[in-house]
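Residue-level structure breakdown
Chain by chain, the residues:
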Amino acid sequence: MSEDASIVDTAEQAARLARPRVLEHDERALFGGAGTEVAFLAGDVVFRRGEHGRSMFIVAAGEVRLCFGDDFADKLLEPGQYFGELAVFLGDHYRTATVIAETDCRLREIDAAAFDALLAREPVRVAQFMRASFSYLVAGENQLLHGLRRRNEDLMRALDALRQTRSELTLAQQMVRSDELTGLANRRGLYAFLDEIADQQLPDLRRALLLIDIDNFKAINDRRGHLAGDSALRAVAEAVRAQAGPFDLPCRLGGDEFALVLAVADEGDLANRAIGLCAAVRNLRLPALGDMRLTVSVGAVFCRNDTGWSGWYSEADAVLLRAKGMRAPGGGWRLG
Ligand SMILES: Nc1nc2c(ncn2[C@@H]2O[C@H](COP(=O)(O)OP(=O)(O)OP(=O)(O)O)[C@@H](O)[C@H]2O)c(=O)[nH]1
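Residues numbered from 1 in each chain as written. Predicted model: local features only at pLDDT ≥ 70, side-chain atom pairs only at ≥ 80, totals over all residues. Heavy atoms only, no water.

Side note on the overall build of the protein
- Across its full length, the protein holds 10 helices and 15 strands.
- Put simply, the protein has 336 residues, and 40% of those count as buried.
- Excluding contacts between residues fewer than 6 apart, the proportion of contacts in the protein whose partners are at least 24 apart in sequence is 74%.
- With the model as given, the accessible surface of the protein reaches about 18,600 Å², and the carbon-plus-sulfur share is 53%. (Helix = DSSP H or I, 4+ residues; strand = E, 2+ residues; numbered from the N terminus. Buried < 20%, exposed > 50% of the residue type's maximum accessible area, 1.4 Å probe, protein only. Contact = heavy atoms within 4.5 Å. Areas by Shrake-Rupley, 256 points an atom, 1.4 Å probe, with all protein chains shown as cover.)

This is the structure we're talking about:
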């Protein structure tokens, strides 16, 4: 049983009840002599949606079309069916549909005065007619509710699918921008981040870019094997990540090259981070490397507002080359 069981058991029943109602035999007799009969030609408008209504109509011959607009299906009414009854039930009603003669037709129009006269003369039969009409109207509302509920469910399903697609897209985007071996951002991720921050101002902080290269990494691969080389790359990646704060981005650019975009307070802060990184790598002890030690060379620049990020990048690259050239025994860093 649906939750609307007190009114209508099922959507099917609601749909059956919501079909335009046909007057019973005694109702036809009741309205037979009331009001006046009006003729319409096919295409004539009987009344328009939004107009103030004062009478109801019974189809005596031909067909009329009720157009509700707003995606709601039209209704076609045949002889014995009626419409516009709320105008005489309520006395003050604005039409909810536009009614157009589908074919040449004759309609019995019963205005408020004629209806009131009928009510005074035949109160029981008019009350029965009104009760039947209200059940029909309630069934129509129920059908509308069922339709809206179904549409709502469809929308929720579409929304779920959209959310799923969006999270898959985000995941795919993350995968495209991250390095598989270390989980750090890759070169594409770095470029996207540099694009993002190019115009950003951080109050009391300065942007800096560090380019980092492992010294003599090839020798590790050659002497300890590629898997040992991989574990060294992962360990250095963790050391780079450890220097990154909430506004920073640690990256592996490829091979044994890393980068770190930093937000630092001043030159001292930058020096501490670079020195801290060199020391952390120097202090790594990896079983896979045996007695081999890791060191890194670091080229650092402050990001100036007067050049784009490709300028900062080239500058940091040149500084890294100089740091490499020093061949400091425990690794080392230089500031451009
Ligand atoms: N294990 C491992 N090795 C890699 C990976 N990607 C690149 N390499 C190796 O990293 C090495 C980088 O060598 P080089 O660019 O000559 O660098 P280097 O030996 O550190 O020399 P310098 O930079 O001058 O100190 C090459 O032997 C690459 O094959 C990887 O994902 N895993």
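Brief notes about helix α10 (residues 309-326)
- Along its 18 residues, α10 runs 26 Å from first to last C-alpha, staying within 8% of the 26 Å computed at 1.5 Å per residue.
- Burial in α10 covers these residues: W309, W312, Y313, A316, V319, L320, A323 and K324. An end-on view of α10 places all buried positions within 145 degrees of arc, on one side of the element. Seen from the buried face of α10, the exposed residues on the opposite side, beyond 90 degrees, are L321 and G325. (Expected span 1.5 Å × (residues − 1). Arc of directions from axis to C-beta.)

Observations regarding the confidence of the model for the protein
- Of the residues in the protein, 94% have a pLDDT of 70 or more, and the chain-wide mean is 88.
- Counted against residues more than four places away or in other chains, residues 1-9, with its pLDDT under 50, gives 12 contacts.
- Across the assembled chains, the prediction reports ipTM 0.96 with pTM 0.59. (pLDDT = per-residue confidence, 0-100.)

With respect to the pattern of salt bridges
- For the coordinates displayed, the defined rule picks out 18 salt bridges.
- One salt bridge in this structure joins R108 and E37, with 3.6 Å as the shortest N-O distance. Of this pair, R108 sits in strand β10 (residues 105-111) while E37 is found in strand β1 (residues 36-40), placing the two residues 71 residues apart along the sequence.
- Classification of R108 as buried rests on a relative accessible area of 17%.
- Here D154 makes a salt bridge to R157, at a shortest N to O gap of 2.7 Å. Placement of both D154 and R157 in helix α5 (residues 123-176) is noted, with a separation of three residues, approximately one turn of the helix.
- Overall, the relative accessible area of 41% leaves D154 in the partly exposed class. (Salt bridge = Lys/Arg side-chain N within 4 Å of Asp/Glu carboxyl O.)

Observations regarding the UniProt feature "coiled-coil region" (unreviewed entry) in the protein
- As annotated in UniProt, the feature "coiled-coil region" (unreviewed entry) corresponds to residues 145-172 in the numbering used here.
- Note that residues 145-172 is 100% helix and 0% strand, and that its end C-alpha atoms are spaced 40 Å apart. (UniProt positions renumbered as here; feature names shortened; annotations may be inferred.)

Observations regarding the site of the ligand
- Around the ligand, a shell composed of 16 residues is seen, among which N216, F217, K218, D230 and D256 lie nearest.
- N221 places a side-chain nitrogen or oxygen 2.8 Å from a nitrogen atom of the ligand.
- If the ligand stood free it would expose 670 Å²; the protein chains cover 64% of that surface.
- Examining the composition of the shell around the ligand, we find that four residues originate from one element, helix α8 (residues 226-242), more than from any other.
- The class makeup of the residues in the shell around the ligand is three nonpolar, five polar and eight charged. (Near = heavy atom within 4 Å. Polar contact = N/O pair within 3.5 Å; in protein donor to acceptor, adjacent residues only side chain to side chain. Nonpolar A, V, L, I, M, F, W, Y, C, P; charged D, E, K, R; others polar.)

Thoughts on the nonpolar core
- The biggest cluster of nonpolar side chains holds 32 residues, and the ones touching the most others in it are L210, I212, F258 and L294.
- Elements represented by at least two residues in this core include exactly β11 (206-214), α7 (217-224), α8, β13 (257-264), α9 (267-282) and β14 (296-302).
- Considering each element in turn, this core owes the most residues, eight residues, to α8.
- The contact partners of F258, leaving out residues within four places of it in the chain, are L184, L210, L211, I212, I214, L233, V236, A237, V240, C251, R252 and L253.
- Judged by nonpolar contacts, the second largest core, of 20 residues, contains A185, F193, W309 and A316. (Core = buried A, V, L, I, M, F, W, Y, C linked by side-chain atoms within 4.5 Å.)

As for the packing of aromatic side chains
- The tally for this structure, following the rule as stated, stands at 10 aromatic pairs.
- A centroid spacing of 5.9 Å and a plane angle of 75 degrees characterise the contact between F89 and F129, whose relative ring orientation is edge-to-face. In this pair, F89 is assigned in helix α3 (residues 86-90) and F129 in helix α5, connecting sequence segments 40 residues apart.
- Residue F129 is classed as buried on the basis of its relative accessible area, which comes to 0%. (Phe/Tyr/Trp six-rings, centres within 6.5 Å; stacked < 30°, edge-to-face > 60°.)

Points about the packing of α8 against α9
- Two numbers describe how α8 lies on α9: the axes approach to 9 Å, and their chain directions differ by 150 degrees. It follows from the interaxial angle that α8 and α9 lie roughly antiparallel. Regarding α8 and α9, the two cross each other, and that crossing is right-handed. Within the contact between the two elements, α8 uses V236, A239 and V240 and α9 uses L277, A280 and V281.
- Residues belonging to the contact of α8 with α9 are distributed by class as follows: six nonpolar, no polar and no charged. (Axes fitted to C-alpha atoms, helices over the stretch in contact; angles between N-to-C directions. Parallel < 35°, antiparallel > 145°, perpendicular 65-115°, else oblique. Left-handed = near helix turned anticlockwise from the far one by under 90°.)

A few points about the sheet that holds strand β7 (residues 82-83)
- What the four strands build is an open sheet, ordered β1-β10-β4-β7; its pairing is antiparallel. Bordering the open sheet on either side are β1 and β7, each of which pairs with just one other strand.
- Pairing analysis gives five bridges linking β1 to β10, with the strands arranged antiparallel. Residue pairing in the sheet places V38 in a bridge with L107 of β10. (Pairing = 2+ DSSP bridges.)

Notes on helix α4 (residues 112-121)
- Of the positions making up α4, those classed as buried are A114, F115 and L118. Seen end-on, α4 carries its buried residues on one side only, within an arc spanning 100 degrees. Along α4, the residues that are exposed and aim more than 90 degrees away from the buried face are A113 and A120.
- Where α4 is buried, its residues contact α2 (25-32), α3, β10 and α5.

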